[in-house]
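A look at the structure
Here is what each chain is made of, one letter per residue.
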Amino acid sequence: MPDKIENQLPSAEPGQRVRTRSQTKNLKPFNTTDIKILLLEGPSQNGVKILKGAGYQVEYHTKALPKDQLIEKIKDVHVVGIRSKTLLTEEVLGHAKNLVVIGCFCIGTNQVDLKYASSRGIAVFNSPFSNSRSVAELVIALNVGLARSIGDLNTLMHNGKYTKRSENSHEVRGKKLGIVGYGHIGSQLSVLADSMGMSVYFFDVLQTNALGTAVQLPTLEELLATCDFITLHVPELQSTKNMIGEREISLMKKGSFLINASRGTVVDIPALAAALKSGHLAGAAVDVYPSEPFGNGKNFETELQGCPNTILSPHIGGSTEEAQSSIGVEVANALVKYINNGTTLGAVNFPEVDLRMPVEGSKTVRILNVHQNVPGVLKQINKNLGEYNIEKQICDSKDTIAYLMADISVDSVEELNNINNSINSIQESIRTRILF
């Protein structure tokens, strides 16, 4: 994406008829082959096809890169796509001189320094809902597995011990499931559990419409004391760190089960291990951990290893082919729309704004600007745009930044370069892109 605009603007024919709404103009002041994309950790090929189909250069890696290699690779790319293992810290992003946008092919974005990315005018997109069904199905399976001690019985069989029994083995029908966090995953899980005959209760910090026969309880403590199974579906926040600790576990019914497929920092692992060994909890299933390995391999350790009726899985809640395909398509489409049109719908760290596309054959130019969210900046930008016909404009803010989209009519490349230079000269301006 060049600093100086050299492409020729289209000329309108005299008496040109108004185009129908479907005949919209494709915006891009660059050859698509000039856009360099670095994809790490093997995102779905369906997403890769979309990016290559848009004409971009795509460099694809199946694994995360060591920091020194990442810093070298990220220096001249416009887009980087990651999953959960790659850490885009201030140090790493500081070397990304051309980076415009980051695509997180996963739910979480805690691996990205969002505040620093915003300060550099770098948009971040993710896929918060595409793997909800996969996680919900895994939790249902873990419920059944814990109720039937499948993990321990499987280990015994692999060790040559045939142990058939019905003691401490139960149906989940009629049991009480407590869901902590009734968002997209929690609500889907609620429907699945309801259909299996479980009584569903949930706690959420927001007053939420319950699905099916689910009942919202007013406090976490009441939920813990009521239910036979507790499953966690909350984000990683300061307020959720160790939200299930020794006190909370002691409030759970003796012989109940705990499942965590949300974030590893939500549960106090030593407290959980102690409750399992003492017999207060009849079992637990854990898919996430406070510290997870950089890649696959041996020597993973947790205090939960060896605990009775404890199912441990390597953060596979959303790791199904179906979920990864949906995530790949969603994030790739968001990246294309942002690069080519400036659309920020679905962005994590930017305000979500969009403008309808200009009419085909027009002289419309789209100005995209990220600036500090302080008084007077929009006034300065509009002062530079005031002598042109502003066809449509939108500006919104989020936290410390604001994002402007404006379609204006411009006759020459020289005028366009003047606009670009004048906006960039504003002290509070962070990044300007121009599409035509």
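Reference entry: report on the structure contained in this document.

Cut-offs used in this document
Residues numbered from 1 in each chain as written. Predicted model: local features only at pLDDT ≥ 70, side-chain atom pairs only at ≥ 80, totals over all residues. Heavy atoms only, no water. Buried < 20%, exposed > 50% of the residue type's maximum accessible area, 1.4 Å probe, protein only. Helix = DSSP H or I, 4+ residues; strand = E, 2+ residues; numbered from the N terminus. Contact = heavy atoms within 4.5 Å. Salt bridge = Lys/Arg side-chain N within 4 Å of Asp/Glu carboxyl O.

1. Overview of helix 10 (residues 269–278)
Listed in full, the buried residues belonging to helix 10 are Ile269, Ala271, Leu272, Ala273, Ala275 and Leu276. Residues of helix 10 that are buried sit in contact with helix 9 (246–251), strand 10 (256–260), strand 11 (281–286) and strand 12 (310–312). Two residues or fewer after helix 10 comes glycine 279, characterised by a positive phi angle close to 90 degrees.

2. Quick notes on the environment of alanine 214
In this fold, alanine 214 is placed in the loop between strand 7 (199–203) and strand 8 (215–216). Residue class for alanine 214 comes out buried when judged on its relative accessible area of 10%. The spatial distance from the C-alpha of alanine 214 to the C-alpha of valine 191 is 8.4 Å, given a sequence separation of 23 residues. Not counting residues up to four positions away in its chain, the partners in contact with alanine 214 are Tyr182, Ser190, Val200 and Phe202.

3. Points about the pattern of salt bridges
In this structure the tally under the stated criterion is 13 salt bridges. Lysine 363 serves as the salt-bridge partner of aspartate 411, at 3.3 Å between the closest nitrogen and oxygen. With aspartate 411 in the loop between strand 15 (401–409) and helix 13 (413–424) and lysine 363 in the loop between helix 11 (321–341) and strand 13 (364–372), the pair connects residues that are 48 residues apart, well separated along the chain. The exposure class of aspartate 411 is exposed, given its relative accessible area of 56%. Note that aspartate 407 and arginine 366 form a salt bridge whose closest N and O atoms lie 2.8 Å from each other. Of the two residues, aspartate 407 is situated in strand 15 and arginine 366 in strand 13; the sequence distance between them amounts to 41 residues. Given a relative accessible area of 0%, aspartate 407 falls into the buried group.

What is shown is where atoms sit, not what they do.
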